[in-house]
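For reference, the chains in residue letters:
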Amino acid sequence: MPDEHRTAATRPASNEAATLAVYVWRGDAGGGAEQRFDVPKQDSQTVLDVVTWIQQQADASLTYRFACRVGMCGSCAMMVNDEPRWTCRTHVERVASDGELHIAPLRNLPVIKDLVTDMDPFFDKWVKAEAVHHPSAGRADGFAAVTPDDPQRIEASAGIECINCAICYAACDTVAGNPDYLGPAALQRAWTLYNDSRDGGGDAILDAVSQSGGCHSCHSMGSCSHYCPNDLDPMGAIAGLKLATTKRFFGRGKGGGRS
Amino acid sequence: MTELRLYMAQRLTALIMAPLVIGHIAVMIYAVQGGLSAGEILGRTRGSLFWALFYGSFVAAVSIHATIGIRTILSEWAGLRGTLLNGVCIGLCAVLLVMGGRAVMAVTFA
Ligand code: SF4
Ligand code: SF4
Ligand code: FES
């Protein structure tokens, strides 16, 4: 019988230690501190469930962000026990240490209030990386034929499931040390578009990712790929950009900079 | 585009250094096993254009390669930016070149 259908009397003994000690960062751009809440434990409880319980039952002024609750929208990312996570798909029992949770706003982004960060720097860098569509045909043209098993299409497809959650951006120490660094998500999208046969901006993309803070600043340590909740590989995409820019630098790129 | 040039320069100098490091270590092992004294080694390196070029290019490659690496550390860990960062790095590169150059001169000039 699924757990949620059991009566309290038949619940397993593990549920008896019935509360979690949850430390939530409260504050704003000017600073803040952790505040403790004791939250009842539930089966299959997610970190987002915990935050929601606090906001609904303990302190209505707690500010946080979420939308889909199923890992689609990318809006619920927070630091959980010092690691960036999508809170709607992170089970408390997997991440709590000694029955404690520390929940804080995403790293590497300015705080607006409590658990809400200002995502503008993150998205501004997508534009700076030319991670925007560069049309190569108009509406009068026919449909572009996209062959799924074309090697370049496979490269492009590898990154399209990005949900813009900024978990990789929060995990990246190069972002922490270099405010100009475009970051893993923006660079990965640039690589996706570079490999999309319908995108006409190959050279513009390589120029953009070669600027100060571009792909060459990446140290290939792989925190981005380690923490990406969708198992994407921004580090691999950045390696692709490094290779493409190197080929072009030595005059071996062809056809709109693509090789 | 500076970032790109520095990146390429660091990779190119690594390519130059790789065979030089292997050559350097191989010669050291050979010289030690052969029981050569310092005097005998200097006798072979002094006045040798080959060894002057070998270690001269080594010093040049190391100075450029190391400076670019330290430039990144100074910028990410010490927050240096712009003119200050470039000035410190040019100074560091010059120190490495002068110190390495003096060592090369000492063992290769007759
Ligand atoms: S591999 Fe590059 S982008 Fe990814 S976390 Fe490391 S430095 Fe950042
Ligand atoms: S690459 Fe992964 S971690 Fe980064 S924003 Fe996209 S989905 Fe999130
Ligand atoms: S709420 Fe949408 S991904 Fe978590």
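So, how was this worked out
- Residues numbered from 1 in each chain as written.
- Chains lettered and ligands numbered in written order.
- Predicted model: local features only at pLDDT ≥ 70, side-chain atom pairs only at ≥ 80, totals over all residues.
- Heavy atoms only, no water.
- Contact = heavy atoms within 4.5 Å.
- Buried area = accessible area lost by both parts, 1.4 Å probe.
- Salt bridge = Lys/Arg side-chain N within 4 Å of Asp/Glu carboxyl O.
- Polar contact = N/O pair within 3.5 Å; in protein donor to acceptor, adjacent residues only side chain to side chain.
- Helix = DSSP H or I, 4+ residues; strand = E, 2+ residues; numbered from the N terminus.
- Nonpolar A, V, L, I, M, F, W, Y, C, P; charged D, E, K, R; others polar.
- Axes fitted to C-alpha atoms, helices over the stretch in contact; angles between N-to-C directions.
- Parallel < 35°, antiparallel > 145°, perpendicular 65-115°, else oblique.
- Left-handed = near helix turned anticlockwise from the far one by under 90°.
- Near = heavy atom within 4 Å.
- Buried < 20%, exposed > 50% of the residue type's maximum accessible area, 1.4 Å probe, protein only.
- pLDDT = per-residue confidence, 0-100.
- Patch = residues over 30% accessible without salt bridge, like charges linked within 9 Å, V, L, I, M, F, W, Y side chains within 5 Å.
- Areas by Shrake-Rupley, 256 points an atom, 1.4 Å probe, with all protein chains shown as cover.

**Q** Can you break down the interface of chain A and chain B residue by residue, with the values?
**A** Counting residues at the interface gives 17 residues for chain A, matched by 10 residues for chain B. Carbon and sulfur atoms make up 63% of the surface buried where chain A meets chain B, a total of about 1200 Å² over both sides. Taken as a group, Ser210(A), His216(A) and Phe249(A) account for 38% of the area that chain A buries against chain B, more than any other trio of residues on that side. Inspection of the region where chain A meets chain B yields zero salt bridges. For the interface between chain A and chain B, the tally reads three residue pairs in polar contact (both at pLDDT 80 or more). Broken down by secondary-structure element, the contributors of at least two residues to the side of chain A that touches chain B are α6 (173–177) and α10 (234–249) of chain A. At five residues, the largest contribution of residues to the side of chain A that touches chain B is made by α10(A). Along the lines of polarity and charge, the residues of the side of chain A that touches chain B split into three nonpolar, 12 polar and two charged.

**Q** Can you break down the packing of helix α3 (residues 49–77) of chain B against helix α4 (residues 82–108) of chain B residue by residue, with the values?
**A** Residue and element names in this part refer to chain B. Axis separation between α3 and α4 bottoms out at 9 Å; the angle between their running directions is 160°. Classified by the angle between their axes, α3 and α4 sit roughly antiparallel to one another. The handedness of the crossing between α3 and α4 comes out as right-handed. Classifying every residue of the contact of α3 with α4 gives 17 nonpolar, eight polar and one charged.

**Q** Talk me through the site of ligand 1; I want residue IDs and the actual numbers.
**A** All names here are of chain A. Contacts to ligand 1 come from 13 residues, most closely from Cys-172, Thr-174, Tyr-181, Cys-218 and Cys-224. Listing elements by their share of the shell around ligand 1, those giving two or more residues are α9 (223–227) and α10. Considered class by class, the residues forming the shell around ligand 1 number eight nonpolar, five polar and no charged.

**Q** Please give an account of unusual backbone geometry that cites residues and values.
**A** Residue and element names in this part refer to chain A. Phi is positive for Ser-44, close to 55°, though the residue is something other than glycine. Note on placement: Ser-44 falls in the loop between β2 (31–40) and α1 (47–58). We note that Asp-82 has phi near 70°; this positive angle belongs to a residue other than glycine. Structurally, Asp-82 can be placed in the loop between β3 (77–80) and β4 (83–86). By relative accessible area, Asp-82 is classed as exposed at 70%.

**Q** Give me the lowdown on the site of ligand 2, citing residues and values where you can.
**A** Residue and element names in this part refer to chain A. All residues adjacent to ligand 2 are Cys-162, Ile-163, Asn-164, Cys-165, Ala-166, Ile-167, Cys-168, Ala-185, Gln-188, Cys-228, Pro-229 and Pro-234. Mapped by element, the contributors of at least two residues to the shell around ligand 2 are α5 (167–171) and α7 (184–194). Here the shell around ligand 2 is composed, by residue class, of 10 nonpolar, two polar and no charged.

**Q** Can you break down the confidence of the model for chain B residue by residue, with the values?
**A** Residues and elements named next belong to chain B. Chain-level statistics for chain B give a pLDDT mean of 94 and a share of 98% at 70 or above. Averaged over each element, pLDDT in chain B is lowest for helix α2 (residues 38–45) (90) and highest for α3 (97). Overall fold confidence (pTM) sits at 0.89, and the ipTM for the predicted complex is 0.87.

**Q** Account for a nonpolar patch on the surface, naming residues and giving values.
**A** Together, Phe249(A), Phe250(A), Leu12(B) and Leu15(B) make up an exposed nonpolar region whose accessible area comes to about 400 Å². Structurally, the position occupied by Leu12(B) is in helix α1 (residues 2–33). For Leu12(B), a relative accessible area of 39% gives the class partly exposed.

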